[in-house]
Amino acid sequence: LSILTVSMPVILAIIISTQSPAEVYSSPPKLTPSGNFSNYVEAWKSVNLGRMMFNSAFIAFMVTLGKIILSLLAAFAFTHFDFKGKGILFFVVLVTLLLPIPVRIVSLFEIVSKLGWINTYWGLIVPFLASATGTFLFIQRFKMIPVELLDAAKMDGCSPMRYLLQILIPLSGSTIGALTVIEFIYIWNQYLWPLMATNSKEMRVVQIGVKMMIQADAMNNWGIIMAGVMMTMVPPLIVFFTMQQSFMKGFALASEK
């Protein structure tokens, strides 16, 4: 029952995405699909949704890849090296979790604008590359790996980077999968920062595209709008179901710690 309750809005959106305006606003409402898939074609063409989905996918992929790499390196430094101010620096990293994009968006916009990155992929990717969440997850994972592996690697003359690449990363596959799902969906759903950092249709992302569909249609043709929403849900769902096992294992390991 709970699964049906949670999924009802999605089911209703799928039904509406196949209906004409008359069917959407009919009384009593029609709760069965009409088979009118022209709404999907219209939604795809109305705001150049294909280009926006490419932008979102490219940005989400690059940010996710960058966050994983930087988080791995940061976690490796915090767990395997001693340096002055490590505790303070780790505290600063965790504090950034309390500063979401809306809090620092004005100063961030000024920096990106001075760098000339407005309306570029650089401006949409670079501000999201650092990840306190990813660093914390990898720290938890690395602490669970037996220290005897490190001692054995040192005895064999293994360099720190080789130890990271050949031992730690293969043993952290589930955490990498979990972070991939989290970050890809997080970036895919970004709306406020892409709205401020872009000013051309060629650089817009899918969340802005959905908003543009609503604004462009004075009569609010919800069949077309819902069709657009359904298409924008596909890439995150593919990522989630592809990485589902790693996602569950990654959080199971983090909770055990």
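None of the values given here were measured: they were computed from a predicted structure.

Observations concerning the side chain of Ser-172
- With respect to the helices and strands, the residue Ser-172 is situated in the loop between α10 (160-171) and α11 (173-188).
- On the basis of relative accessibility, which here comes to 0%, the residue Ser-172 falls in the buried class.
- Side-chain polar atoms of Ser-172 contact the backbone oxygen of Leu-168, separated by 2.7 Å.
- If we skip the residues at most four places from it in the chain, Ser-172 touches Phe-138, Arg-141, Phe-142 and Ile-145.

Brief notes about α10
- Compared with the 16 Å implied by 1.5 Å per residue over 12 residues, the 15 Å span of α10 between its first and last C-alpha is a close match.
- Of the positions making up α10, those classed as buried are Tyr-163, Leu-164 and Leu-168. Down the axis of α10, the sector holding all buried residues measures 95°, keeping them to one side. In this structure, α10 carries Leu-165, Gln-166 and Pro-170 as exposed residues pointing more than 90 degrees from its buried face.
- Lining the buried residues of α10 we find α4 (49-80), α8 (132-144) and α9 (147-155).

So, the pattern of salt bridges
- Inspection of the entire model under this criterion finds three salt bridges.
- Between Lys-30 and Glu-23 there is a salt bridge whose closest N-O contact spans 3.0 Å.
- With a shortest N-O distance of 2.9 Å, Glu-183 and Lys-67 are connected by a salt bridge. Highlighted residues: Glu-183 in helix α11 and Lys-67 in helix α4, separated in sequence by 116 residues.
- Among the residues examined, Lys-67 registers a relative accessible area of 5% and is labelled buried.

A closer look at empty space enclosed by the protein
- Under the defined criterion, the tally for this structure stands at two cavities of 30 Å³ or more.
- In this model, the largest cavity occupies a volume close to 70 Å³.
- As for the largest cavity, its lining consists of Ser-56, Ile-59, Leu-124, Phe-128, Ile-187, Trp-188, Gln-190, Pro-194 and Val-205.
- Looking at the lining of the largest cavity, the elements with two or more residues in it are α4 and α11.
- Class assignment for the residues of the lining of the largest cavity results in seven nonpolar, two polar and no charged.

Points about the confidence of the model for the chain
- For the chain, mean pLDDT is 87; residues scoring 70 or higher make up 95% of the total.
- Averaged pLDDT values for the elements of the chain fall to 65 in helix α15 (residues 244-256) and rise to 95 in helix α7 (residues 121-125).

Here's the deal with the packing of aromatic side chains
- On inspection of all chains with the given rule, the structure shows 11 aromatic pairs.
- Seen from their ring centres, Phe-54 and Phe-58 are 6.2 Å apart, and the 10° between their planes marks the pair as stacked. Here the residue Phe-54 and the residue Phe-58 both occupy positions in helix α4, the gap between them amounting to four residues, near one helical turn.
- Taking the relative accessible area as the measure of exposure, Phe-54 reaches 46% and is therefore partly exposed.
- Of the residues examined, Phe-58 reaches a relative accessible area of 31% and is grouped as partly exposed.

Cut-offs and rules
- Residues numbered from 1 in each chain as written.
- Predicted model: local features only at pLDDT ≥ 70, side-chain atom pairs only at ≥ 80, totals over all residues.
- Heavy atoms only, no water.
- Helix = DSSP H or I, 4+ residues; strand = E, 2+ residues; numbered from the N terminus.
- Buried < 20%, exposed > 50% of the residue type's maximum accessible area, 1.4 Å probe, protein only.
- Polar contact = N/O pair within 3.5 Å; in protein donor to acceptor, adjacent residues only side chain to side chain.
- Contact = heavy atoms within 4.5 Å.
- Expected span 1.5 Å × (residues − 1).
- Arc of directions from axis to C-beta.
- Salt bridge = Lys/Arg side-chain N within 4 Å of Asp/Glu carboxyl O.
- 1 Å grid on protein atoms, 1.4 Å probe; cavity = no way out; pocket = protein on both sides within 12 Å on 5 of 7 lines; lining within 4 Å.
- Points joined across faces, edges and corners; volume = space filled by probe spheres on them.
- Nonpolar A, V, L, I, M, F, W, Y, C, P; charged D, E, K, R; others polar.
- pLDDT = per-residue confidence, 0-100.
- Phe/Tyr/Trp six-rings, centres within 6.5 Å; stacked < 30°, edge-to-face > 60°.

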